[in-house]
Amino acid sequence: MTGKRKIQENVYNKKISKALDQFWIGFVIYTTCYMLMISSVVHSKITYLQLLGIVLFTLPAFQLIRFKIENAYLRTLFIIYFAWQLYTVSRGFKFNKDYLFGTFVEAYGGVFVYLAPLIVLFPKDLIYLKKIINVILALSIIYLICDVVFIKALLGSGSETGQTIIEYFSKIMGIPCGFILLTLVYNNDKRKSWAIWGKLWALFVVVLTFLLAAIRARRGLMFMSVNILVFTYILYNYAYKTNMFFKFFPLVIVFFVSIYAMSVFSEKSKTGSFSLITQRLKEDTRSDVEKYFYLDMSKKDWVVGKGIDGMYWCPTGATPDGYRLVIETDYLQIMLKGGAISLGLLFLIAIPAVLLGLFYSDNILSKAAACWILLWFLALFPATVTTFSMNYLLVWISIGICYSKKIRKMPEETVKELFQYKIF
């Protein structure tokens, strides 16, 4: 009890906690409305409710931002990177009503994508990390409800709504559950039922995401889901230093389950549930698009990008005028908007963060944060993950954790105590 009182006195701040509550409530409203809007089954006027969410998370954000970064390297690069983000936004930004409305409500290409890194300036006290876990769980519940409501569309091979739900809902609402799995060691208190159910729920959501992705033949999403499970397994074994039997026994089970799954898959691959993924396994949907992308990009474009509204000419699956705003290969998407400068600065920030978190830390949380950044790196090729979403916000939160020497050198028991502290 004395330890908890000390934590409360030295770390917990009611004003910051309240501001974070408001920020995350607004963010959940914004994200949910955006998902429902792009599903095309809800009236577009829901964007007005989304604007309410923007107001709710924007106002406390001004209160939460602290222009103080303890690591000199990160401080220098972050200033340069964020200045370049603002420059990218300024190129093509318009001050008319329709444009402003569109760029604020758009989570995939709007202005908030470029402002998302500011979350690294939020208070990094780990006592508030529980709020992030609660937000992830709230989004995953909304995700499951949407899966149930749109189950027919999800399972129907010709449904655009089902594809949208898998591509967007899963990345924005389902995949973040992977962060709970990576921090499994802090949700392993058998005396607290919420900890047990929380991790089981997160595992269920990630596995469900993989299964739905397999049915809908979303290869990038399958890749992301499997990577989360693999990283969780590695980190869990590292944390508990299990003996050789427990390290390799699950792999043996996976081997035999895989053999069984392959036999089922071969039976269903022609006309069953997995026929679509069978057809798409060898299908190349990227080469033609990337070819046109390369042809359209000038030398200057490769260096500085084309700005927030940058487009490239591509007749394959394009708009009527032949131009596209998005290329699904995310590292190319970053270069389309901000060029090699944007991608290079991002890597110069993120790569050292991974190294610090993995090799210069004394707790699993820092290593889990590094793993989340690595997962984002791996997803840059098969998916679009640089968006205003919990998935991407967690990348910058993880960067903040990895660069904080105070957090990296925090004893494991202290992290566990902070993680378990109730602030709601």
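Fair warning: this is a prediction, and the values are worked out from it, not measured in the lab.

This part is about the overall build of the chain. A count of helices and strands for the chain gives 21 helices and 2 strands. Counting all 424 residues of the chain, 51% fall into the buried class. A separation of at least 24 residues holds for 77% of the contacts in the chain among residues at least 6 apart in sequence. A total of about 20500 Å² of accessible surface is found on the chain, and carbon and sulfur atoms cover 68% of it.

Attention shifts here to the nonpolar core. Grouped together as the largest cluster of nonpolar side chains are 122 residues, with contacts concentrated most on Trp24, Phe78, Trp376, Phe388, Met390, Trp396 and Ile399. Per-element tally for this core: the top contributor is helix H18 (residues 364-379), with 12 residues. Excluding residues within four positions of it along the chain, Ile399 makes contact with Leu74, Val120, Ile349, Ala350, Ala353 and Ile373.

With that out of the way, let us pick up the pattern of salt bridges. In the structure shown here, the tally under the stated rule is 5 salt bridges. Asp21 is paired through a salt bridge with Lys131; the nearest N and O atoms lie 2.6 Å apart. Taken together, the positions of Asp21 in helix H2 (residues 14-38) and Lys131 in helix H7 (residues 129-149) put the pair 110 residues apart, joining distant regions of the chain. Judged by its relative accessible area of 6%, Lys131 is buried. Across the salt bridge formed by Lys94 and Asp309, the nearest N and O atoms sit 3.5 Å from each other. Linking Lys94 in the loop between helix H4 (72-90) and helix H5 (97-105) with Asp309 in the loop between helix H16 (299-304) and strand E1 (312-313), this pair joins segments that are 215 residues apart in sequence. Relative accessible area serves as the criterion here: at 27%, Asp309 is assigned to the partly exposed category.

Here we take up the packing of aromatic side chains. Per the counting criterion, the structure on display carries 33 aromatic pairs. On the basis of an interplanar angle of 90 degrees and a centroid distance of 5.6 Å, the ring pair of Trp24 and Phe27 is categorised as edge-to-face. Here the residue Trp24 and the residue Phe27 both occupy positions in helix H2, the gap between them amounting to 3 residues, near one helical turn. A centroid spacing of 6.1 Å and a plane angle of 85 degrees characterise the contact between Tyr30 and Phe112, whose relative ring orientation is edge-to-face. In this pair, Tyr30 is assigned in helix H2 and Phe112 in helix H6 (residues 112-115), connecting sequence segments 82 residues apart. Every member of this aromatic cluster is reached through a ring pair, and the members are Phe23, Trp24, Phe27, Tyr30, Phe57, Phe104, Phe112, Phe122 and Phe388.

Turning next to empty space enclosed by the protein. Summed over the entire model, instances satisfying the criterion amount to 5 cavities of 30 Å³ or more. When its volume is computed, the largest cavity comes out at roughly 220 Å³. Lining the largest cavity are 17 residues, with Phe122, Pro123, Lys124, Ile132 and Ile397 positioned closest to its centre. Of all the secondary-structure elements, those providing two or more residues to the lining of the largest cavity are H2, H7 and helix H19 (390-403). Every residue lining the second largest cavity is counted, 16 residues in all, and those nearest its centre are Val113, Tyr114, Ile334, Lys337 and Thr386.

A word on the confidence of the model for the chain. Across the chain, the average pLDDT comes to 83, with 80% of residues at or above 70. By mean pLDDT, helix H14 (residues 275-280) is the weakest element of the chain at 48, and H4 is the strongest at 97. Within the model, the stretch residues 272-281 combines pLDDT values under 50 with 26 contacts to residues more than four positions away or in other chains.

Turning to H2, a few remarks are in order. Taking 1.5 Å of rise per residue, 25 residues should cover 36 Å, and H2 covers 36 Å from first to last C-alpha, within 8% of that figure. A positive phi of about 65 degrees marks Ser40, the residue just after H2.

Let's shift gears to the packing of helix H17 (residues 330-359) against H19. Each pair of packed helices can be described by the angle between their axes along with the distance between the axes. With their axes 9 Å apart at the nearest point, H17 and H19 run at an angle of 60 degrees to one another. In terms of orientation, H17 lies oblique with respect to H19. Between H17 and H19 the crossing geometry is left-handed. Here H17 contributes Leu346, Leu348, Ile349, Ala350, Pro352, Ala353, Leu356 and Gly357 to the contact with H19, which in turn contributes Tyr392, Trp396, Ile399, Cys402 and Tyr403. A class-by-class count of the residues in the contact of H17 with H19 yields 12 nonpolar, 1 polar and no charged.

This paragraph deals with the state of the cysteines. Following the criterion strictly, the structure yields 0 disulfides and no others. In this structure Cys402 is a free cysteine whose sulfur lies 9.0 Å from that of Cys371, the closest cysteine sulfur available.

The rules behind these values
- Residues numbered from 1 in each chain as written.
- Predicted model: local features only at pLDDT ≥ 70, side-chain atom pairs only at ≥ 80, totals over all residues.
- Heavy atoms only, no water.
- Helix = DSSP H or I, 4+ residues; strand = E, 2+ residues; numbered from the N terminus.
- Buried < 20%, exposed > 50% of the residue type's maximum accessible area, 1.4 Å probe, protein only.
- Contact = heavy atoms within 4.5 Å.
- Areas by Shrake-Rupley, 256 points an atom, 1.4 Å probe, with all protein chains shown as cover.
- Core = buried A, V, L, I, M, F, W, Y, C linked by side-chain atoms within 4.5 Å.
- Salt bridge = Lys/Arg side-chain N within 4 Å of Asp/Glu carboxyl O.
- Phe/Tyr/Trp six-rings, centres within 6.5 Å; stacked < 30°, edge-to-face > 60°.
- 1 Å grid on protein atoms, 1.4 Å probe; cavity = no way out; pocket = protein on both sides within 12 Å on 5 of 7 lines; lining within 4 Å.
- Points joined across faces, edges and corners; volume = space filled by probe spheres on them.
- pLDDT = per-residue confidence, 0-100.
- Expected span 1.5 Å × (residues − 1).
- Axes fitted to C-alpha atoms, helices over the stretch in contact; angles between N-to-C directions.
- Parallel < 35°, antiparallel > 145°, perpendicular 65-115°, else oblique.
- Left-handed = near helix turned anticlockwise from the far one by under 90°.
- Nonpolar A, V, L, I, M, F, W, Y, C, P; charged D, E, K, R; others polar.
- Disulfide = S-S within 2.5 Å.

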